[in-house]
Amino acid sequence: MATKNLRFADDISLLSESEDELQHLVDRVSQTSTRFGLIVSKPKTEVQCIGKNRQQMKIMMEDGRELCILGRFCFSRSVM
């Protein structure tokens, strides 16, 4: 069994091996959040891609907003 998400207090990190799989995970988180009256904040939602095709990746929120793809990511004062 592979780990698909990591949870840190009120943050979630989704892990995938493909763009399609990541899009599916983002959609599921968004749908589940909506069911419980929660909103995924687009300004606070970012994607970090590690691999060859990172410039070509495009992940969308359910409402059609495109998520920002980062080259570097800071979490708790650590750069990843």
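Residues numbered from 1 in each chain as written. Predicted model: local features only at pLDDT ≥ 70, side-chain atom pairs only at ≥ 80, totals over all residues. Heavy atoms only, no water.

(A) Spatial organisation of the overall build of the chain. Along the chain, the regular secondary structure elements total one helix and six strands. Listing the helices and strands of the chain from first to last along the sequence gives β-β-α-β-β-β-β. Burial analysis of the chain (80 residues in total) assigns 16% to the buried set. Across the chain, the fraction of contacts at a sequence separation of at least 24, relative to all contacts at a separation of at least 6, is 36%. When the accessible surface of the chain is summed, it comes to about 6,600 Å², and 51% of that surface belongs to carbon and sulfur atoms. (Helix = DSSP H or I, 4+ residues; strand = E, 2+ residues; numbered from the N terminus. Buried < 20%, exposed > 50% of the residue type's maximum accessible area, 1.4 Å probe, protein only. Contact = heavy atoms within 4.5 Å. Areas by Shrake-Rupley, 256 points an atom, 1.4 Å probe, with all protein chains shown as cover.)

(B) Layout of the nonpolar core. Within the largest apolar cluster, eight residues are counted, these being Leu22, Val26, Val47, Cys49, Met57, Ile59, Met61 and Leu67. Not counting the four nearest positions on each side in its chain, isoleucine 59 is found in contact with Glu19, Leu22, Gln23, Val26, Val47, Arg65, Glu66 and Leu67. (Core = buried A, V, L, I, M, F, W, Y, C linked by side-chain atoms within 4.5 Å.)

(C) Focus on the confidence of the model for the chain. Put simply, the chain has an average pLDDT of 77, and 76% of its residues get 70 or more. Per-element mean pLDDT across the chain ranges from 56 in strand β6 (residues 78-79) up to 88 in helix α1 (residues 19-35). (pLDDT = per-residue confidence, 0-100.)

(D) Expanded view of the pattern of salt bridges. For the structure on display, the rule yields one salt bridge. Here arginine 65 makes a salt bridge to aspartate 63, at a shortest N to O gap of 2.5 Å. Judged by its relative accessible area of 31%, arginine 65 is partly exposed. (Salt bridge = Lys/Arg side-chain N within 4 Å of Asp/Glu carboxyl O.)

(E) The arrangement of the side chain of glutamine 23 in detail. Along the chain, glutamine 23 turns up in helix α1. There is a polar contact of 3.0 Å between the side chain of glutamine 23 and the side chain of aspartate 27. Not counting chain neighbours up to four residues away, the residues in contact with glutamine 23 comprise Lys58, Ile59 and Met60. (Polar contact = N/O pair within 3.5 Å; in protein donor to acceptor, adjacent residues only side chain to side chain.)

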